[in-house]
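One-letter residues, chain by chain:
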Amino acid sequence: MPTVAPLDLDGHCVAAAFVDDIPFFALADGMVHWLDHGQESLKLHDGLLSATTSAKNDRLISGGEDGKVMGLTSAGVAEELAGIGRKWVTSVAAGPQGALAYASGRNAWVRLPDGKVKEFVHPRSVEGVAFSPKGMRIGVARYNGATLHFPAADGKPTELQWDGAHTGITFSPDGNFLVTTMQENALHGWKLADGKHMRMTGYPAKVKSMSWSAKGRWLASSGAPAAIVWPFQSKDGPMGKAPLELGTRGNLMVTAVACHPTDEIAAIGYADGMVLAARFADQKEVLLRRPGKGAITSLAWDREGRRIAFGTEPGDCGVVDITA
Amino acid sequence: MEPIIRIYDFEGASMSEVQTQIPVTVLTGYLGSGKTTLLNRILSENHGKRYAVIVNEFGEIGIDNDLIVESDEEIYEMNNGCVCCTVRGDLIRVVEGLMRRPGRFDAIVVETTGLADPVPVAQTFFMDDDVRSKTKLDAVVALVDAKHLPLRLKDSREAEDQIAFADVVVLNKTDLVNDEELRNVEAAIRAINPAAKIHRTTRAGVALDEVLDRGAFDLSRALENDPHFLEAHDHDHDDHHDDDHDHDHDHHHHDHGVSPIHDVTVQSVSLRGGEMDSKKFFPWIEKITQAEGPNILRLKGIIAFKDDPDRYVIQGVHMIIEGDHQRAWKDGESHDSRLVFIGRELDAEKLKRTFEACQAA
């Protein structure tokens, strides 16, 4: 039976994450709380907008309304990694060897492993940044498509066009596909080898959460009353194939998804705070957390795939242990 | 492209969403119109409310406050083939960020530059579901400079759009013009937008409750505090009566105000009728907004339906229209239907004819 260890916090949880297998909760007011033999807390920002974990999973990386990019280790040591003045750092991403990317307005910056910072100016707002899993390359979600930069080398960026506003971005773990969330209720994908388009539509709401399953065989997404899970096993991705629909619940929207690190199982969070786990093979569901005070905003598995940290809009967060 | 139409609960009672939504005031106007003065007053006066302010540049705001957010104007066309379906991407992002810490403020003010199109700003609050669920557009307030407006109207379409789109026009710097110039400027504003409330001020000295918390887009309040709207037809020309050159237009240009200083491209069409047949009216308004959406800047109306004890109110921005029951008709209140379109290239005759054809037999 899964057990839930609740952690009642005050305010919107932007990200729940495991750092060195310790559950961290980053709140919109800038407070970060973590559970390391008791609750620890630190005010990291005056207003926190974005957060992720470092590639080695040893740091929480966050961007704030205070224009700072901060790093926080599992031991609670905070470090200012970048500052851009009085501007909102609306997205952050972590890359290999400690590289970082962050964005504000029409600019994206990459902090290379040697500490050198490169700036990339775009004609329109940068809505999302992501590192490709291979090599030193970033993808930028923007109006009418995505741009790929190679920050370690000089040279022209690669432009991928698709009309509409692209708001979030992710590379598949094998680096073969790039997928964006859009202002419209859709995902858009590109096969990077040939630039072929993949339209993933039919969502009743905006997609805010995406998660690749182990080895990138599937891409799970929110934005519907079920987790929509697109098959990416073939070389052309999900084209011409129907997605799985897991954890269908009437008209209640899925607001966050997170795939298990090794097994084909997804944790699914809903607008009412419920969390389920569903297995892709037989669509079998297990209830992990009953509905709470409000929508699930973030879900994360630990390294072993035994615990799930969840964050919510009103702040009633917690950790589910599925092995207990 | 299908128009976005939200016709609530036509058969029954309740107004829609119960969830508390933070009101948003949009402040438009050119550099020098007094916007910054008004913003500084909103931020500093003791009115018991806290405002988050989204500005284009921190620049001139004299107050340091972490609720002032700078944002690049970023217009996104929706990828649905509809050219007038535009939103402000930056506002979606900033409003979403602000609303994650809702306890800090009671309302939001969005400042736009003189060159900004107010339409995408307004449409953001109708077209984006997340923004819409947490905030509601309260009113669009246009500041204009009495001295320089004639010049602005000559050299830019934006100045006209901002007035056409406004619920409230603050006619500022009236001390810099003489009485005749002031009358002419006001007549120009009235010609562009007969439905807006106009306040004459110096140093942006308008009472803040005349620009904030107006409920201009709130169907339950819309037009209620706006007796002017109901008489728009008759009021159109008051300002001209002492001008000898337009002595006859009362009889001919009923739907189109005439401005002594500006050749307006925006026109308003005011329609009146008796009780309407809902089975005819709704298909008609859908068809009109679908066909004419790009030309319609705003529409507002109160509709009396036959055999319906309640007033029905309707409003729209381009192709987005919303309607709902507002309240019961009062005893002795005449069951008239009124609808005002503000836009460009509107076929007034056709609108009138087809509107009247929707009347109940």
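Residues numbered from 1 in each chain as written. Chains lettered and ligands numbered in written order. Predicted model: local features only at pLDDT ≥ 70, side-chain atom pairs only at ≥ 80, totals over all residues. Heavy atoms only, no water.

1. A look at the overall build of chain B
Part 1: When you go through chain B residue by residue, the secondary structure sums to 12 helices and 15 strands.
Part 2: For chain B, buried positions account for 58% of its 361 residues.
Part 3: In chain B, the share of contacts with a sequence separation of at least 24, taken over all contacts with a separation of at least 6, comes to 74%.
Part 4: As displayed, chain B has an accessible area near 14,800 Å², and 48% of this comes from carbon and sulfur atoms. (Helix = DSSP H or I, 4+ residues; strand = E, 2+ residues; numbered from the N terminus. Buried < 20%, exposed > 50% of the residue type's maximum accessible area, 1.4 Å probe, protein only. Contact = heavy atoms within 4.5 Å. Areas by Shrake-Rupley, 256 points an atom, 1.4 Å probe, with all protein chains shown as cover.)

2. Comments concerning the interface of chain A and chain B
Part 1: Listed as interface residues are 28 residues of chain A and, on the opposing side, 28 residues of chain B.
Part 2: Note on chain A versus chain B: buried area summed over both sides is about 2,400 Å², and carbon and sulfur give 40% of it.
Part 3: When the buried surface of chain A facing chain B is broken down by residue, Arg86, Trp88 and Gln183 of chain A rank first, second and third, together holding 25% of it.
Part 4: Counting the contacts that link chain A with chain B gives 12 salt bridges.
Part 5: The tally of links between chain A and chain B comes to 17 residue pairs in polar contact (both at pLDDT 80 or more).
Part 6: Here the side of chain A that touches chain B gets 4 residues from one element, more than from any other, and that element is strand 16 (residues 158–171) of chain A.
Part 7: Residue classes in the side of chain A that touches chain B are distributed as 8 nonpolar, 7 polar and 13 charged. (Buried area = accessible area lost by both parts, 1.4 Å probe. Salt bridge = Lys/Arg side-chain N within 4 Å of Asp/Glu carboxyl O. Polar contact = N/O pair within 3.5 Å; in protein donor to acceptor, adjacent residues only side chain to side chain. Nonpolar A, V, L, I, M, F, W, Y, C, P; charged D, E, K, R; others polar.)

3. Quick word on the domain arrangement of chain B
Residues and elements named next belong to chain B.
Part 1: Each domain of chain B was delimited in the assignment, giving domain 1 (20–225) and domain 2 (266–357).
Part 2: Between the C-alpha centres of domain 1 and domain 2 the distance comes to 25 Å.
Part 3: At the junction of the two partners, domain 1 supplies 26 residues and domain 2 supplies 24 residues.
Part 4: At the boundary of domain 1 with domain 2, total buried surface from both sides reaches about 2,300 Å², with 62% on carbon and sulfur atoms.
Part 5: Remark: the boundary between domain 1 and domain 2 carries 5 salt bridges. (Domains from an automatic or database assignment.)

4. Section: the UniProt feature "domain: Anaphase-promoting complex subunit 4-like WD40" (unreviewed entry) in chain A
Part 1: Feature annotation in UniProt assigns "domain: Anaphase-promoting complex subunit 4-like WD40" (unreviewed entry) to the following positions: residues 261–322 of chain A.
Part 2: Taken end to end, residues 261–322 of chain A comprises 0% helix and 55% strand; its first and last C-alpha atoms sit 14 Å apart. (UniProt positions renumbered as here; feature names shortened; annotations may be inferred.)

5. Thoughts on the nonpolar core
Residue and element names in this part refer to chain B.
Part 1: Formed by 67 residues in total, the largest nonpolar core has its most connected members in Leu98, Ile108 and Ile189.
Part 2: Two domains share this core, each providing at least three of its residues, namely domain 1 (20–225) and domain 2 (266–357).
Part 3: Ignoring sequence-local partners within four residues, the contact set of Ile108 consists of Ile22, Pro23, Val24, Thr25, Tyr51, Ala52, Ile54, Leu98, Met99 and Thr135.
Part 4: Ranked by size, the runner-up nonpolar core spans 22 residues in total, among them Ile288, Phe305, Ile314 and Cys358. (Core = buried A, V, L, I, M, F, W, Y, C linked by side-chain atoms within 4.5 Å.)

6. Some remarks on the pattern of salt bridges
Part 1: Following the criterion strictly, the structure yields 45 salt bridges over all chains and no others.
Part 2: Notably, a salt bridge pairs Arg124 of chain A with Glu74 of chain B, separated by 2.1 Å at the nearest N-O pair. Remark: Glu74 of chain B occurs in the loop between strand 4 (68–70) and strand 5 (75–77) and Arg124 of chain A occurs in the loop between strand 13 (117–121) and strand 14 (126–131); the pair is interchain, linking two chains.
Part 3: The closest approach of N and O atoms between Arg344 of chain B and Asp161 of chain B, which form a salt bridge, is 2.9 Å. Of the two residues, Arg344 of chain B is situated in the loop between strand 15 (337–343) and helix 12 (348–356) and Asp161 of chain B in helix 6 (residues 157–165); the sequence distance between them amounts to 183 residues.
Part 4: Using a relative accessible area of 12% as the deciding quantity, one classes Asp161 of chain B as buried.
Part 5: Linked by salt bridges that have partners in common, Lys191, Asp194, Lys196, Lys235 and Asp236 of chain A make up one network.

7. Let's talk about the sheet that holds strand 22 (residues 227–231) of chain A
All names here are of chain A.
Part 1: Here we have 4 strands laid out as an open sheet, ordered 20-21-22-23, and antiparallel in their pairing. At either end of the open sheet lies a strand with only one pairing partner, and these are strand 20 (210–212) and strand 23 (244–246). Across the sheet, the axes of successive neighbouring strands diverge by a mean angle of 25 degrees, strand direction being ignored.
Part 2: Of the pairings in the sheet, the one linking strand 20 to strand 21 (residues 218–221) comprises 3 bridges and is antiparallel in character. Among the inter-strand pairings, Trp212 is bridged to a residue of strand 21, identified as Leu219. (Pairing = 2+ DSSP bridges. Axes fitted to C-alpha atoms, helices over the stretch in contact; angles between N-to-C directions.)

8. Examining unusual backbone geometry
All names here are of chain A.
Part 1: Phi is positive for His37, close to 50 degrees, though the residue is something other than glycine.
Part 2: If you trace the backbone, His37 turns up in the loop between strand 4 (31–35) and strand 5 (39–43).
Part 3: By relative accessible area, which is 84% here, His37 ends up exposed.
Part 4: Positive phi, normally seen in glycine, also occurs at Gln97, with a value near 55 degrees.
Part 5: As for its placement among the helices and strands, Gln97 is situated in the loop between strand 10 (91–94) and strand 11 (100–104).

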